[in-house]
Amino acid sequence: MTDIRSAPLDRKQLGHLRHIRNLSAQPDNDWSNMAAARPMQEDFGAYRYQLAYMFLALALTHRHRLPAAPGVFQPVMDRLIQKMLLPEVWSYWRDTSAGGNPDYPDMPQPTQSIDPIAAMNIMYSGYLHAMTLMYHYLFDDPKYTEQGAISFRMRPLFWGGEGEGYRFDYDEKSLNDRIYWQMAQSGFLGIACEPGMIFQICNQVPIIGFRMHDFLYGTTLSSDVTLAYQQAWEDFGTLTEDGHYNTMILDWRREVVPGQLGPDIVPRLPVWDAWCGTLMHSWNGDFVENQYRHGIEAFIERRGNAEIAIRVNDAVLGDSVAPEHGPTTLCHFGFLATWAAEVGDDVVRDGLLETADRTMCPTWRDGGLFYPRDDRPVDEDGNYRFMDPLTGNALLAFARLCPPGGLKSLYEDRWKGERFAQPALRTVNAGIDVCEARFDPATNCLRFTLAPPHSTAAGEVDIGIGPFDPGVDRAALCAGLTDDTIRAQCEGENAIRLIGRIGRARTFEMRVPHA
């Protein structure tokens, strides 16, 4: 049986990568194809979630499927981090931090803040924390360790800042410290998203970030935090009595809220189990897999044609809690797919993807694949139809690209630093897709496959390969790669540049003599 991690990416997987690349390359503040139904970045269609889950989809693909192609991923993932720092992504916190949730009129009045990192807001800071540390870990690039490298700057034209605007500077270490000490101050229950609300889901993300910190700096933060987290939640219960994830704790009441959105909404929304299970599987695999086996059937319908659909009920249709402002984006379909992919249930994952491909308008644009927004809850036959931008841009990409246990393996298995000395595709131009890229140290062979993007007659190739030891005869390697369509040449002190044009998928094997 072929290991899916070593199999070449298929057309749809490549399409997802291309679409994410296209979105990352849009000019600052161009959010085309990313706007959600509700305004003000208030729900799960917010830009921060789309950027974060596109980032995670790329991280898993690089780590597990294209390990010798950092040039495909590094620039895109860096651009996603830079977009996380744009005011339109984080400035919602100025209003959200003031509190006033109408569902909970007894909530104490918090102190309003503009700084999105200083307190609470783990629904943003946790993702940025994991993204910057993961970027450093995957690419050995310390750019976010520099003081002020993570900088929040905003200069409104008509209010605040006494004309100078606002600026809040961090780096990956100070960001990590801020989050860790907030976690400790909570007794390791977790950090609030909105004031007073400690969600289980969002507190899984900094645990992944702490693990990246451990890999980089030799600390034990992730094991310390997960142990304390489990002890802290014993008093409330990670799961409800009927085996579903508790959603959050109302901190001022010390009261747990089960799998629902608010006090008047029908419980057991699929997203709470699926989202929490996807992320928690990284560090608590057996627990999540046991809960998955118990919980998944409550949310899906298995159909005879191999498709799997969401079970439509009042809870799912109750997403439209404020129809005058558009339906609330809860991403049931997308997170059910990521949950199934992460725990290794290929039948459910593939069935959901089959349903999406048949009924949710898969769209190809500029070589990229996505599922465009559709605000209809159900179609004329009563089938679930809602498609939000987080699901259409990021979550179905995550599900299609994530191998079984993708996050779990990323968390548990430290990637050895020796890979940075092995030949790999270090730079890759935008005009070509990379279907496979893997270096085998046993044979000292770099194997990679290139293909033109979808609906493109030919792909332009401009790739940098390296590093090579000084004693390696790079000229001989170049001669072995050069033909009528591809030219290879030595570049710098330890690299090879591959230039040309290809009209179909081509596989290259470069056996590097030991120096």
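None of the values given here were measured: they were computed from a predicted structure.

A.B. asks: Mind showing me how you'd approach empty space enclosed by the protein here?
C.D. replies: One water molecule sets the probe size; rolling that probe over the atoms shows where empty space is left. In the structure shown here, the tally under the stated rule is four cavities of 30 Å³ or more. Its volume calculated, the largest cavity comes out at about 140 Å³. Elements supplying a minimum of two residues to the lining of the largest cavity: α1 (11-24), α3 (70-84) and β11 (433-440). Across the lining of the largest cavity, the residue classes break down as ten nonpolar, no polar and three charged.

A.B. asks: Just to check I follow, could you spell out the side chain of N203 for this structure?
C.D. replies: Its location among the elements puts N203 in the loop between β3 (197-199) and α8 (205-217). Among the residues examined, N203 registers a relative accessible area of 1% and is labelled buried. Polar side-chain contacts of N203 include one of 2.8 Å to the backbone oxygen of F199. Beyond its immediate sequence surroundings of up to four residues, N203 is in contact with I122, M183, G190, I191 and I198.

A.B. asks: Is there a simple way to think about the sheet that holds β11 in this case?
C.D. replies: Neighbouring strands of a sheet are bound in pairs by backbone hydrogen bonds; such pairs are parallel or else antiparallel. Taken together, the three strands give an open sheet; going across it, the order is β11-β12-β16, and neighbouring strands pair in antiparallel fashion. Since the sheet does not close on itself, it has two edges, and those belong to β11 and β16 (506-511), each with one partner. Averaged over all neighbouring strand pairs, the angle between strand axes comes to 10°, with direction disregarded. Both β11 and strand β12 (residues 445-451) contribute to a ladder of seven bridges, which runs antiparallel. Opposite F439, over in β12, you have L446 as the bridge partner.

A.B. asks: In this structure, what is going on with the pattern of salt bridges? I would like to understand it.
C.D. replies: Overall, the coordinates contain 25 salt bridges when judged by the stated rule. Two residues, D106 and R253, come together in a salt bridge whose shortest N-O distance is 3.0 Å. Of this pair, D106 sits in the loop between α5 (93-96) and α6 (122-139) while R253 is found in the loop between β4 (248-250) and β5 (255-257), placing the two residues 147 residues apart along the sequence. Each of E436, R447, E509 and R511 takes part in a single network of salt bridges with overlapping partners.

A.B. asks: Would you mind going over the sheet that holds β5 with me for this structure?
C.D. replies: Pairing within the open sheet is antiparallel, and its three strands lie in the order β3-β4-β5. Edge strands, defined here as strands with exactly one partner in the open sheet, are β3 and β5. Taking the axes of each pair of neighbouring strands and ignoring which way they run, one obtains an average angle of 25° across the sheet. Of the strand pairs in this sheet, β3 and β4 are connected by three bridges, and their pairing is antiparallel. Residue F199 lies in a different strand from β4, and its bridge partner there is M248.

A.B. asks: How should I be thinking about the nonpolar core in this particular structure?
C.D. replies: Nonpolar side chains in soluble globular proteins tend to be buried together. By size, the foremost hydrophobic cluster in this structure holds 171 residues, and its most contacted members are Y53, Y124, Y127, L128, F152, W275 and L425. Sort the elements by how many residues they give to this core and α6 lands first, with 13 residues. Beyond its immediate chain neighbours, meaning those up to four positions away, L425 contacts A68, A69, P70, G71, V434, A437, L446, F448, I463, G464 and I465.

A.B. asks: Before we go on, may I ask you to explain helix α7 (residues 172-185) in this structure?
C.D. replies: Note that an α-helix has 3.6 residues per turn; residues three or four places apart therefore point the same way. Compared with an ideal rise of 1.5 Å per residue, which puts 14 residues at 20 Å, α7 spans 20 Å between its outermost C-alpha atoms and is within 8% of the ideal. Among the residues of α7, E172, L175, N176, I179, Y180, Q182 and M183 are the ones counted as buried. The buried side chains of α7 occupy one side of the element, clustering within an arc of 165° when seen end-on. Residues W181 and Q185 are exposed on α7 and point more than 90 degrees away from its buried face. With a side-chain oxygen lying 2.9 Å from the backbone nitrogen of K173, the N-terminal cap of α7 falls on D171. Phi turns positive, to about 75°, at G187, one or two residues after α7.

About the criteria used
Residues numbered from 1 in each chain as written. Predicted model: local features only at pLDDT ≥ 70, side-chain atom pairs only at ≥ 80, totals over all residues. Heavy atoms only, no water. 1 Å grid on protein atoms, 1.4 Å probe; cavity = no way out; pocket = protein on both sides within 12 Å on 5 of 7 lines; lining within 4 Å. Points joined across faces, edges and corners; volume = space filled by probe spheres on them. Helix = DSSP H or I, 4+ residues; strand = E, 2+ residues; numbered from the N terminus. Nonpolar A, V, L, I, M, F, W, Y, C, P; charged D, E, K, R; others polar. Buried < 20%, exposed > 50% of the residue type's maximum accessible area, 1.4 Å probe, protein only. Polar contact = N/O pair within 3.5 Å; in protein donor to acceptor, adjacent residues only side chain to side chain. Contact = heavy atoms within 4.5 Å. Pairing = 2+ DSSP bridges. Axes fitted to C-alpha atoms, helices over the stretch in contact; angles between N-to-C directions. Salt bridge = Lys/Arg side-chain N within 4 Å of Asp/Glu carboxyl O. Core = buried A, V, L, I, M, F, W, Y, C linked by side-chain atoms within 4.5 Å. Expected span 1.5 Å × (residues − 1). Arc of directions from axis to C-beta.

These figures capture arrangement, not role.
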